[in-house]
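Architecture and fold: a report
Spelled out from the first residue to the last, the chains are:
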Amino acid sequence: MRVDRFLSNLPRYNRQQVRLLLVEKRVRIDGKVVTDPHSAVLEFSRVEVDDLLLQAGKPARYFMLHKPPGCVSATRDPQHPTVLDLLDEPHKDDLHIAGRLDFNTTGLMLITNDGAWSRRLTQPQTKLPKVYYVETEQDIGADYARTFAAGLYFAFEDLTTQPAQLQVLGPRTARLSIVEGRYHQVKRMFGHFNNKVLRLHRESMGPLHLDNALKPGEYRALRTEEIHLF
Ligand code: URA
């Protein structure tokens, strides 16, 4: 929310007073004086006017998890363990997943309480490349890379997938980079060739790679510079 709106929503200030507070450099967000009425106030921001604390701001939290197979990318599930069950953190109800993975898919998963950050990562316009290591049941044909690069028609959504890059590593192993996150996308792309995906592992999301010190099921907080990659 804009800081002028945030302040004038409070019963103690009217719009005229808010304008003055800003001009008189009496408003601070996260310790910095702001004069621009458009400055953003997030749920994480500390907002002060003179010595008065108006909002303490809650800590933004960001985690990288090595998702193991056999757990659900959801915050709750009646039957199976969820990725949130793997986190030993307080206030887990606040957390959500930035980019889900299927039940048996493994690899990089990002979990946060910062909705603006996760939206930036996952919204289609961002076109963030997600790189998957893939193992298949049948040999990967020479024509796959061209087909994936051209885009595949998905009848259910009535759309053609964005160009994807396939790097064949072995007869039945490859690395695939996609910029979307359609439902079962990688499996459906290989499914076009009737080739079943036996193993799927997300290695990276944009510039962020799964920390190889993390074993399946382990997680760590993101470092400041990693948070700022997005
Ligand atoms: N594509 C899939 O088919 N499954 C995943 O978990 C991720 C991408």
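Summary of the structure given here. (Residues numbered from 1 in each chain as written. Predicted model: local features only at pLDDT ≥ 70, side-chain atom pairs only at ≥ 80, totals over all residues. Heavy atoms only, no water.)

A word on the sheet that holds strand β2 (residues 32–33)
To be explicit about the condition: DSSP calls a pair of strands paired once it identifies at least 2 bridges connecting them. Note on conventions: DSSP H or I runs of at least 4 residues are helices, E runs of at least 2 residues are strands, and numbering of each starts at the N terminus.
Pairing in this open sheet of 4 strands is antiparallel, and the strands run β2-β1-β3-β4 from one edge to the other. With one partner strand each, in any of the chains shown, β2 and β4 (52–55) form the two edges of the open sheet. The pairing of strand β1 (residues 27–29) with strand β3 (residues 47–49) spans 3 bridges and is antiparallel. Bridging from a neighbouring strand, R28 pairs with E48 of β3.

A word on the packing of aromatic side chains
To be explicit about the condition: For this analysis, a ring pair means two rings from Phe, Tyr or Trp (six-membered ring only for Trp) whose centres lie within 6.5 Å, classed as stacked if their planes differ by under 30 degrees, edge-to-face if by over 60, and tilted for the remaining angles. For every residue, the accessible area (1.4 Å probe, protein chains only) is compared with the maximum for its type, and the residue is labelled buried under 20%, exposed over 50%, or partly exposed between those bounds. To sit over a ring, a charge needs its Lys NZ or Arg CZ within 6 Å of the ring centre and within 35 degrees of the ring normal.
On inspection of all chains with the given rule, the structure shows 8 aromatic pairs. With a centroid separation of 4.9 Å and an interplanar angle of 70 degrees, the aromatic rings of Y62 and W117 are classed as edge-to-face. Of the two residues, Y62 sits in strand β5 (residues 62–67) while W117 sits in helix α3 (residues 115–122), which places them 55 residues apart along the sequence. The class of Y62 is buried, set by a relative accessible area of 11%. With relative accessibility at 2%, the residue W117 sits in the buried group. Relative to Y219, the ring of F63 has its centre 5.7 Å away and its plane inclined at 80 degrees; by these criteria the two rings are edge-to-face. Taken together, the residues F63 in strand β5 and Y219 in strand β15 (residues 219–221) connect sequence positions 156 residues apart. According to the relative accessible area criterion, F63 is buried, its value standing at 6%. What makes Y219 partly exposed here is its relative accessible area of 22%. Each member of the aromatic cluster is reached from another via a ring pair, and the members are Y144, F148, F190 and F193. When the ring centre of F154 is taken as origin, the NZ or CZ atom of R188, which lies over that ring, is 4.0 Å away.

Section: the pattern of salt bridges
Rules: Within this document, salt bridges are pairs made up of a side-chain nitrogen of Lys or Arg and a carboxyl oxygen of Asp or Glu, the two lying within 4 Å of each other.
For the structure on display, the rule yields 17 salt bridges. Here R26 makes a salt bridge to D50, at a shortest N to O gap of 2.7 Å. Here D50 lies in the loop between β3 and β4 and R26 lies in the loop between α2 (15–23) and β1, a separation of 24 residues in the sequence. What makes D50 partly exposed here is its relative accessible area of 33%. In this structure, a network of salt bridges that share partners links the residues D211, R220, R223 and E226.

Considerations on the environment of R61
Definition in use: Note on contacts: a residue pair is in contact if any heavy atoms of the two residues lie within 4.5 Å. In protein, a polar contact requires one atom able to donate a hydrogen and another able to accept it; more generally it is a pair of N or O atoms within 3.5 Å, and residues adjacent in sequence count only if both atoms are side-chain atoms.
Structurally, R61 can be placed in the loop between β4 and β5. Here R61 falls in the buried class, since its relative accessible area comes to 13%. A C-alpha to C-alpha distance of 44 Å links R61 and A142, two positions 81 residues apart in sequence. Excluding residues that lie within four positions of it along the chain, R61 makes contacts with E89, P90, H91, D94, L95, I111, T112 and N113. At 2.7 Å, the side chain of R61 and the backbone oxygen of P90 are in polar contact.

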